[in-house]
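Here are the chains, one letter per residue:
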Amino acid sequence: MMRDKATAMRLLHAHAKHFQKQIYQITDTIHLAVGYAASNVSMIEGKTGLIIIDTTESTSAAENILQDFRQISDKPIHTIIYTHSHRDHIGGASIFANDTDPEIYASANFKSDLIDAAGAGAMPMGSLLARTKAQFGMGLTSNERVHIGLGPEDRPLKGLGQGFVPPTSRFADMPQELEIDGVNLHIFPAPGETADHINIWLEDEKLLFCGDNYYQAFPNLYAIRGTAYRDFESWANTLNQLLQFPAEILVSGHGQPVFGSEDISERLTDYRDAINAVIDQAIAGMNAGLTFDEIADQSALPDRLAEKPWLIEHYGSFAYAIKACCVGLMGWYSGNVEELVMRSPKEKAADWLALLGGVDALLLAVEDATISQNHALVLELCEMARHLDLMTDPLHQMRRQALCEIAEQTYNAPVRNSLFSAVMDMDNKE
Ligand SMILES: [Zn+2]
């Protein structure tokens, strides 16, 4: 996810074209709004009304989309379907639901991991919200936040998450053949990016709505804002299931639609293979007795997949996915007994500082690392100083510079945004 600064910036800007604001006419009766917000909204015209698939993240974005949909059809909203419970897909529903009180469908195990803070159980909501803000670069300048990985840089945030309307009907864990307002839909459980995904197949149009089980970026098998283990095997199995449909059109929860059965099949196959590569290499590494960091360091996406445009680490990261897979399958202990000897970070830092030669030597080492552009080492040495309450202004400055340098070399939007957010937090404290 890192290249030289110029290449990283070029990749970031090139990727932004996938979220250019546009209404796509998919068929005579189906339209897709892309680039209005973090996620997409689809509109299917039925006999008497409209079926809306996903509702985006905020009431303001939903208003903009509905206004533009109204240029195409003035039929009332008949039904809403949530593909899954992530906030960016459910937060604008009230705008579509307001006048007609439509049926709202979701999966049997529909559960938001963001909006329903009260029902989240034992979750560190403060940390989750702070990390979410950082990942999406809230408060950064538009130069810093080129985009958010799966959505545009500039999007309306008024009413963020405030338009959620609870589902009125939940699908049991069985595929359902439904006729809704004259439209034939095959709706089926499709656990993947979340366990509560449902996907929708329109046989007549050969159109597959895959939610977030595919988008144009390496899959976010681990979200750095904080997620429980996303069952990787289920996601790969669901991609196999999606490949059974002879889809001519693929509509994702993010980015542009994909047309053509060969292209769709290649992308879904590659996605499945990439996820399986993570699983296989994580398991092989654990069986070889490596630590999780060693496995992440020694693993790589096979060359055949690494060059595919839809597997570039704009959103998810292969190495983070490897670590998440290891922890998800085995918990934090890798089997390397050194990890069982838990030591105070402060004691450890004090021992290493003594070996380094004391405080003056530490400052010199950070200066040397800054000059030689070993930014990661600057961060590691400053972390040592932080544990010992030895951070000084010069050290803060060099740490700040290292964070900026790494951020500018990173084209993975969540990581870049998180690094720049850390810098913003430093500046705000001063
Ligand atoms: Zn999404």
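Residues numbered from 1 in each chain as written. Predicted model: local features only at pLDDT ≥ 70, side-chain atom pairs only at ≥ 80, totals over all residues.

Undergrad: What is the right way to look at the overall build of the protein in this model?
TA: Helix and strand counts for the protein stand at 15 helices and 13 strands. In terms of principal-axis extent, the alpha carbons of the protein reach across some 80 × 45 × 40 Å. Here the protein holds 430 residues, and the buried ones make up 46% of them. Within the protein, residue pairs in contact and separated by at least 24 positions form 71% of the contacts whose partners lie at least 6 positions apart. (Helix = DSSP H or I, 4+ residues; strand = E, 2+ residues; numbered from the N terminus. Buried ≥ 20, exposed ≤ 12 C-beta atoms within 10 Å, placed from the backbone. Contact = placed C-beta atoms within 7 Å.)

Undergrad: I keep staring at the domain arrangement of the protein and nothing clicks. Help me out?
TA: Accessible area lost when the parts come together is the quantity often used to give the size of an interface. The domain architecture assigned to the protein consists of domain 1 (18-272), domain 2 (278-337) and domain 3 (343-429). The C-alpha centroid of domain 3 is placed 39 Å from the C-alpha centroid of domain 1. Counting from both sides, the interface comprises 12 residues of domain 1 and, opposite them, 8 residues of domain 3. (Domains from an automatic or database assignment.)

Undergrad: Which parts of the structure should I look at to understand the sheet that holds strand β7 (residues 169-171)?
TA: Strand pairing in a sheet is mediated by backbone hydrogen bonds. Such pairs are either parallel or antiparallel. The strand order across the open sheet formed by 7 strands is β1-β2-β3-β4-β5-β6-β7, and the pairing between neighbours is mixed. Each of the sheet's edge strands pairs with one partner strand only, and the pair in question is β1 (22-25) and β7. Ignoring which end each strand starts from, the neighbouring axes of this sheet average 20 degrees apart. In this sheet, strand β2 (residues 30-34) lies alongside β1 in antiparallel orientation, the contact comprising 4 bridges. Each residue of the ladder has a partner; that of Ile23, found in β2, is Ala33. Along the sheet face, helix α2 (residues 59-69) touches β1, β2 and β3 (41-45) and points at about 145 degrees away from the line of β2. (Pairing = 2+ DSSP bridges. Axes fitted to C-alpha atoms, helices over the stretch in contact; angles between N-to-C directions.)

Undergrad: Just to check I follow, could you spell out the sheet that holds strand β11 (residues 207-211) for this structure?
TA: In spatial order, the strands read β8-β9-β10-β11-β12-β13; together these 6 strands make up an open sheet with mixed pairing. Every other strand in the sheet has two partners, leaving β8 (176-180) and β13 (258-259) as the edge strands with one partner each. Summarising the sheet, strand β10 (residues 198-202) and β11 pair through 3 bridges and their orientation is antiparallel. Residue Trp201 lies in a different strand from β11, and its bridge partner there is Leu208.

Undergrad: For this particular structure, what's the right way to read the environment of His86?
TA: Summarising the element assignment, His86 is placed in the loop between β5 (77-81) and α3 (87-90). Along the backbone, His86 and Ile295 are 209 residues apart, and their C-alpha atoms lie at a distance of 30 Å.

Undergrad: How should helix α15 (residues 413-429) be read in this particular structure?
TA: For α15, built from 17 residues, the straight-helix expectation of 24 Å at 1.5 Å per residue is met to within 8% by its first-to-last C-alpha distance of 24 Å. Burial in α15 covers these residues: Ala413, Pro414, Val415, Arg416, Asn417, Ser418, Leu419, Phe420 and Ser421. Close packing links the buried residues of α15 with α5 (125-135) and α14 (393-408). (Expected span 1.5 Å × (residues − 1).)

Undergrad: Before we go on, may I ask you to explain the pairing of strand β9 (residues 183-189) in this structure?
TA: When a strand is regular, its side chains alternate between the sheet's two faces. Pairing geometry for β8 and β9, over 5 bridges, is antiparallel. Pairing of Glu177 across the sheet is with His186, part of β9.

Undergrad: What should I look at first to understand the packing of helix α6 (residues 232-242) against helix α7 (residues 261-287) in this one?
TA: The axes of two packed helices give the description: the angle between them and the distance between them. Put simply, α6 and α7 touch, their axes get as near as 9 Å, and they point 160 degrees apart. The angle between the axes of α6 and α7 places the two elements in the roughly antiparallel class. Relative to α7, the crossing made by α6 is left-handed. Facing Phe232, Glu233, Trp235, Ala236, Leu239, Asn240 and Leu242 of α6, the residues of α7 in contact are Leu268, Tyr271, Arg272, Ile275, Asn276, Val278 and Ile279. (Parallel < 35°, antiparallel > 145°, perpendicular 65-115°, else oblique. Left-handed = near helix turned anticlockwise from the far one by under 90°.)

Undergrad: Is there a simple way to explain unusual backbone geometry in this structure?
TA: Apart from glycine, the bulk of residues carry a negative phi angle, and the bulk of peptide bonds sit in the trans form. One non-glycine residue, Asp54, lies in positive phi territory at about 65 degrees. The topology assignment puts Asp54 in the loop between β4 (50-53) and α2. You can call Asp54 buried: it has 27 C-beta atoms within 10 Å.

Undergrad: I would appreciate a short explanation of the environment of Glu203 in the present structure.
TA: Checked against the element boundaries, Glu203 lands in the loop between β10 and β11. Between the C-alpha atoms of Glu203 and Gly161, which are 42 residues apart in sequence, the distance is 33 Å. Residues in contact with Glu203, not counting those within four places in the same chain, are Asn184 and His186.

Undergrad: Even after reading the chapter, I still don't get the packing of helix α12 (residues 359-371) against α14, so can you show me in this structure?
TA: At their nearest, the axes of α12 and α14 sit 11 Å apart, and the two run at 25 degrees to each other. When the axes of α12 and α14 are compared, the pair comes out roughly parallel. When you trace α12 past α14, the crossing you get is left-handed. Where α12 abuts α14, its residues Leu363, Val366 and Thr370 lie against Pro394, Leu395, Met398 and Gln401.

Undergrad: Can you walk me through the environment of Leu12 in this structure?
TA: Mapped onto the elements, Leu12 comes out in helix α1 (residues 5-15). Through-space distance from the C-alpha of Leu12 to that of Gly149 is 8.5 Å; in sequence the pair is 137 residues apart. Those residues in contact with Leu12 that lie beyond four places of it in its chain are Val146, His147 and Tyr411.

Undergrad: Which parts of the structure should I look at to understand the pairing of strand β12 (residues 249-252)?
TA: Side chains of β12 alternate between two faces, with Ile249 and Val251 and Leu250 and Ser252 buried alike. Pairing between β11 and β12: 4 bridges, direction parallel. Note on β12: the bridge partner recorded for Leu208 is Leu250. A crossover connection joins β11 to the parallel β12 through α6; in handedness this β-α-β unit is right-handed. Here β12 runs beside β13; their pairing, made up of 2 bridges, is antiparallel. Following the sheet pairing, Leu250 is matched in β13 by Val258. Remark: 5 residues form the turn of the hairpin made by β12 and β13, two consecutive strands paired antiparallel; Gly255 in that turn has positive phi of roughly 80 degrees. (Right-handed = clockwise from strand over helix to strand, strands pointing away.)

Undergrad: Teacher, can you tell me more about α6 here?
TA: Since there are 3.6 residues in each turn of an α-helix, residues three or four apart along the chain are aligned in direction. For α6, the set of buried residues is Phe232, Trp235, Ala236, Thr238, Leu239 and Leu242. Taken down its axis, α6 places every buried residue within 160 degrees of arc, on the same side. On its buried side, α6 packs onto β10, β11, α7 and α10 (318-330). (Arc of directions from axis to C-beta.)

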